[in-house]
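Coordinate analysis (summary)
As a plain string of letters, each chain reads:
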Amino acid sequence: MDEVVVRRRDDGALELRVNGVFVMDDLETSSERLLARSALDGGARSVLVGGLGLGFTTRELLDSPDVERVVVAELHGEIVELMRAATIPGADLLDDSRLEVVVGDVRDVVVAQPTGSLDAILLDVDNGPDFLVHDVNAHVYRDEFVATCASRLAGDGLLSIWSMADSEALRQRLDDRFEQVRVEPVDVRLQGRDERYWILGGRRPRGRAIVPT
Ligand SMILES: C[S@@+](CC[C@H](N)C(=O)[O-])C[C@H]1O[C@@H](n2cnc3c(N)ncnc32)[C@H](O)[C@@H]1O
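Residues numbered from 1 in each chain as written. Predicted model: local features only at pLDDT ≥ 70, side-chain atom pairs only at ≥ 80, totals over all residues. Heavy atoms only, no water.

An unreviewed UniProt entry lists the chain under the name Spermidine synthase, with Aeromicrobium endophyticum as the source organism.

**Some thoughts on the site of the ligand**
For clarity, the cut-off: By convention in these notes, a residue is near a molecule or strand provided one of its non-hydrogen atoms lies within 4 Å of it. Pairs of N or O atoms are called polar contacts if they sit within 3.5 Å, as long as, within protein, a hydrogen donor faces a hydrogen acceptor (for residues adjacent in sequence, only side-chain-to-side-chain pairs). Per-residue accessibility takes into account occlusion by the displayed protein chains alone, with areas from the Shrake-Rupley method and a 1.4 Å probe. Labels follow the DSSP assignment, with helices taken as runs of H or I lasting at least four residues and strands as runs of E lasting at least two, numbered in each case from the N terminus.
As a structural note, the neighbourhood of the ligand is formed by 21 residues, with Thr57, Glu74, His76, Val106 and Asp124 the closest of them. For the ligand, a nitrogen atom lies 2.7 Å from a polar atom in the side chain of Asp124. Calculation on the ligand without its partners gives an accessible area of 600 Å², and the protein chains cover 97% of this total. Breaking the shell around the ligand down by element, the ones donating at least two residues are β3 (21-25), α2 (56-62) and β5 (69-74).

**Quick notes on the nonpolar core**
Applicable threshold: Nonpolar cores are built from buried Ala, Val, Leu, Ile, Met, Phe, Trp, Tyr and Cys residues. Side-chain atoms within 4.5 Å join them into one set. Using a 1.4 Å probe on the protein chains alone, a residue whose accessible area is under 20% of its type maximum counts as buried, one over 50% counts as exposed, and one in between counts as partly exposed.
Formed by 36 residues in total, the largest nonpolar core has its most connected members in Leu61, Val70 and Leu122. In terms of residue count, the dominant contributor to this core is helix α1 (residues 30-40) (four residues). With 23 residues, the next largest nonpolar core counts Val106, Ile121, Val140 and Leu170 among its residues.

**Let's talk about the sheet that holds strand β1 (residues 4-8)**
Using the following cut-off: Any two strands between which DSSP finds at least two bridges are classified as paired. Fitted lines through C-alpha atoms give the axes, limited to the stretch in contact for helices. The angle between two N-to-C directions lies from 0 to 180 degrees.
Judged by pairing direction, the sheet is antiparallel, and its three strands sit side by side in the order β1-β2-β3 without closing on themselves. The sheet terminates laterally at β1 and β3, the two strands that pair on one side only. Looking at each pair of strands side by side, their axes are set apart by 25° on average, direction ignored. In this sheet, β3 lies alongside strand β2 (residues 14-18) in antiparallel orientation, the contact comprising four bridges. Looking at the pairing, Leu16 lines up with Met24 of β3.

**Thoughts on the environment of His76**
Applied cut-off: For this analysis, residues touch if any pair of their heavy atoms sits within 4.5 Å.
Considering the arrangement of structural elements, one finds His76 in the loop between β5 and α3 (77-84). Excluding anything up to four places from it in sequence, His76 contacts Asp2, Val4, Val18, Val103 and His134. Side chain to side chain, His76 and Asp2 meet in a polar contact 2.9 Å long.

**As for the packing of helix α6 (residues 143-152) against helix α7 (residues 168-177)**
Stated formally: With respect to orientation, any angle under 35 degrees is reported as roughly parallel, any angle over 145 as roughly antiparallel, any angle of 65 to 115 as roughly perpendicular, and every other angle as oblique. In this scheme the handedness of a crossing depends on how the near helix is turned from the far one: anticlockwise by less than a right angle means left-handed, clockwise means right-handed. Polar here means any residue other than Ala, Val, Leu, Ile, Met, Phe, Trp, Tyr, Cys and Pro, which are nonpolar, and Asp, Glu, Lys and Arg, which are charged; Gly is therefore polar.
For the pair α6 and α7, the least separation of the axes is 10 Å and the interaxial angle reads 40°. Taken together, α6 and α7 sit at an angle that is classed as oblique. Where α6 crosses over α7, the handedness of that crossing is right-handed. On α7, the residues touching Asp143, Val146, Ala147 and Ala150 of α6 are Leu170, Arg173, Leu174 and Arg177. Residue composition of the contact of α6 with α7, grouped by class: five nonpolar, no polar and three charged.

**Topic: the sheet that holds strand β7 (residues 118-123)**
Paired through backbone hydrogen bonds, the strands of a sheet run either parallel or antiparallel to each other. With respect to topology, seven strands assemble into an open sheet ordered β6-β5-β4-β7-β8-β10-β9, the strand pairing being mixed. Both edges of this open sheet fall to β6 (99-103) and β9 (178-190), since each of them pairs with a single strand only. Within the sheet, the average angular offset between the axes of one strand and its neighbour, ignoring direction, is 15°. Contacts between α6 and the sheet are confined to β7, β8 (153-163), β9 and β10 (193-205), with β8 contributing the most and set at about 140° to the helix.

**Examining the pattern of salt bridges**
Note the following rule: When a carboxyl oxygen of Asp or Glu lies within 4 Å of a side-chain nitrogen of Lys or Arg, that pair is called a salt bridge.
This model, assessed by the stated rule, comprises 21 salt bridges. Between Arg17 and Glu15 there is a salt bridge, with its nearest N and O atoms 2.7 Å apart. Classification of Arg17 by relative accessible area gives partly exposed; the value is 28%. When its relative accessible area of 3% is taken as the criterion, Glu15 is described as buried.

**What about the pairing of β1?**
The pairing of β1 with β2 spans five bridges and is classified as antiparallel. Bridge pairing links Arg7 to Glu15 in β2.

**Some remarks on the packing of aromatic side chains**
Going by this rule: Any pair of Phe, Tyr and Trp rings, taking the six-membered ring for Trp, is counted once the centres come within 6.5 Å. Such a pair is stacked with planes under 30 degrees apart, edge-to-face with planes over 60 apart, and tilted for the rest.
Per the counting criterion, the structure on display carries one aromatic pair. A ring pair is formed by Trp162 and Tyr197, whose centres lie 4.8 Å apart and whose planes are at 55°; its orientation type is tilted. With Trp162 in strand β8 and Tyr197 in strand β10, the pair connects residues that are 35 residues apart, well separated along the chain. Just as Trp162 is buried, Tyr197 falls in that class too.

Right, dumping it as structure tokens:
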């Protein structure tokens, strides 16, 4: 069983660790919010998010009145409970009638969605294909799951993936399954250092008609 710890550090930041490994804090969250923007800017109304974390991607989505439905898959039920108990800010999000939080692996939650039902799938469950926190999450970045995501998206749908580093292999997998691939660097300043994160996206699943909604 994984050990989930959320604690307030001496510098005032809220930090999430799983099995002793740093997952994220709330000091620099522009890339998490940008992940949501990648869907919002394309007009997404029905969105699935992989990884609740500290809730920044989900909040950015629900802040938009255009968003009608958000399904969040979160592996660790403790994180949802900590949010409900206000240790992680976001109890208000959990009360939003547009939000459904499913405790489970994002792969199972995506599979359970009807074909073509989502405008966007946003994945931020790990550090990207080459820097995994959970080895089992390697499957999240493989062709089989990219293809499953493509099948659950509407004709103009978007799969957007947060990653600590660019990945030529993941770009290729997206290119195999989507008409358009976009790779966006996100420059952030972390504890006095310049870092670059990445959002890799595929839009318009190949071989599918776009049906106006
Ligand atoms: C980096 S955090 C997500 C950050 C989030 N985007 C935010 O704005 O706060 C990653 C989250 O994904 C969860 N997670 C890890 N593997 C998962 C999986 N296979 N399915 C669902 N959630 C997973 C972790 O427990 C953690 O809450």
